[in-house]
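# Structural characterization, general
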Amino acid sequence: MSWISGPLLAFDLETTGTDVETDRIVTAAVVRLEADGSVSRERTWLLDPGVAIPEQASAIHGISTERARAHGAPAAAAVEEIAAAVAEGLRSGTPLVVMNARYDLSLLDRECRRYGIESVSERLGDAPSPVIDPLVIDKHVDKYRKGKRALHALCAHYGVSLEDAHDARADAVAAARVVRRMGEKHQPVGVMGLEELHGLQVRAAAEQSLSLQAYLRRTAATASARASCASSSDTP
């Protein structure tokens, strides 16, 4: 049976920022979707991250420092529950769908380390697997498509409804539905075994990272050359 016709576990975080080493979890969701796309089980968390939530982050996910402090669970206890829920799902063999998995799983790992909690990898005795990342897969199967590849853009491209974007639960559900559509549309990916698919994504993510680094180097070189030309033209 193909993974697209089985259950999926979806995971998403909303955070204080984009640095996995220093930023904190604000909200989280772990949601199980059945083969028909319906949600059969879900857990969500609102945390008091223990630090002020920057206004830029609050503007995206809607959680202010005041709200998190008043209604959020203590971070250490919530991180323990999140890591346990993710590990339990993976231990059952259900694929874990995470949009931009490298970020969310790394940040969860750092939060576990911060509070002296067993990480997902430590609970499993290995790296989290199988993980399915819509971002990595989309870049692999449709690498030359122009435009954005944020979750809202993928939902629009694959015909998936996304209501209440940047709500952890809504984003998790949308990511799972998007990746199922990807598997249906791109059959070579949809019929892969989970181990093979996981390996493909590891290789694809590494290639994509190298391509991004090369692009940034070219952009920086072009900007430097333009600045140099502008400086030369201004010289009497």
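Residues numbered from 1 in each chain as written. Predicted model: local features only at pLDDT ≥ 70, side-chain atom pairs only at ≥ 80, totals over all residues. Heavy atoms only, no water.

## What to know about the environment of Q201
For Q201, the position within the fold is in helix α10 (residues 194-234). Take Q201: its relative accessible area is 8%, and that puts it in the buried class. Discounting chain neighbours no more than four positions away, the residues touching Q201 are V131, I132, D133, V136 and I137. Within the local environment of Q201, its side chain forms a polar contact with the backbone oxygen of V131, the two atoms lying 2.7 Å apart. (Helix = DSSP H or I, 4+ residues; strand = E, 2+ residues; numbered from the N terminus. Buried < 20%, exposed > 50% of the residue type's maximum accessible area, 1.4 Å probe, protein only. Contact = heavy atoms within 4.5 Å. Polar contact = N/O pair within 3.5 Å; in protein donor to acceptor, adjacent residues only side chain to side chain.)

## Considering the environment of Q56
Considering the arrangement of structural elements, one finds Q56 in helix α1 (residues 55-61). Overall, Q56 belongs to the exposed group, its relative accessible area being 60%.

## Focus on the sheet that holds strand β5 (residues 96-97)
The six strands are arranged β4-β3-β2-β1-β5-β6 in an open sheet whose pairing can be described as mixed. Sheet topology places β4 (73-74) and β6 (131-132) at the edges, where each strand pairs with a single neighbour. Looking at chain direction, strand β3 (residues 39-48) and β4 are connected through two bridges and run parallel. Bridge pairing in β4 places D48 opposite P74. Where helix α3 (residues 75-91) meets the sheet, its contacts fall on β1 (8-15), β2 (25-33), β3, β4 and β5, and the angle it forms with β3 comes to roughly 155°. (Pairing = 2+ DSSP bridges. Axes fitted to C-alpha atoms, helices over the stretch in contact; angles between N-to-C directions.)

## Digging into unusual backbone geometry
Note the cis peptide between S129 and P130, where omega equals 0°. When you line up the elements, P130 lands in the loop between α5 (120-124) and β6. One non-glycine residue, N100, adopts positive backbone phi at about 55°. Its location among the elements puts N100 in the loop between β5 and α4 (101-114). For D164, which is not a glycine, the phi torsion comes out positive at approximately 60°. In this fold, D164 is placed in the loop between α7 (151-158) and α8 (168-185). Among the residues examined, D164 registers a relative accessible area of 55% and is labelled exposed.

## Observations regarding the pattern of salt bridges
The full count for this structure, using the stated rule, is eleven salt bridges. For the salt bridge of R110 with D109, the shortest nitrogen-to-oxygen distance reads 3.0 Å. Judged by relative accessible area, D109 falls into the partly exposed class, the value being 22%. Among the ionic pairs, R145 bridges to D138, the shortest N-O distance being 2.7 Å. Judged by relative accessible area, which is 18%, R145 ranks as buried. Taking relative accessible area as the criterion, D138 reaches 0% and is therefore assigned buried. Salt bridges sharing common partners tie together E21, D109, R110 and R113. (Salt bridge = Lys/Arg side-chain N within 4 Å of Asp/Glu carboxyl O.)

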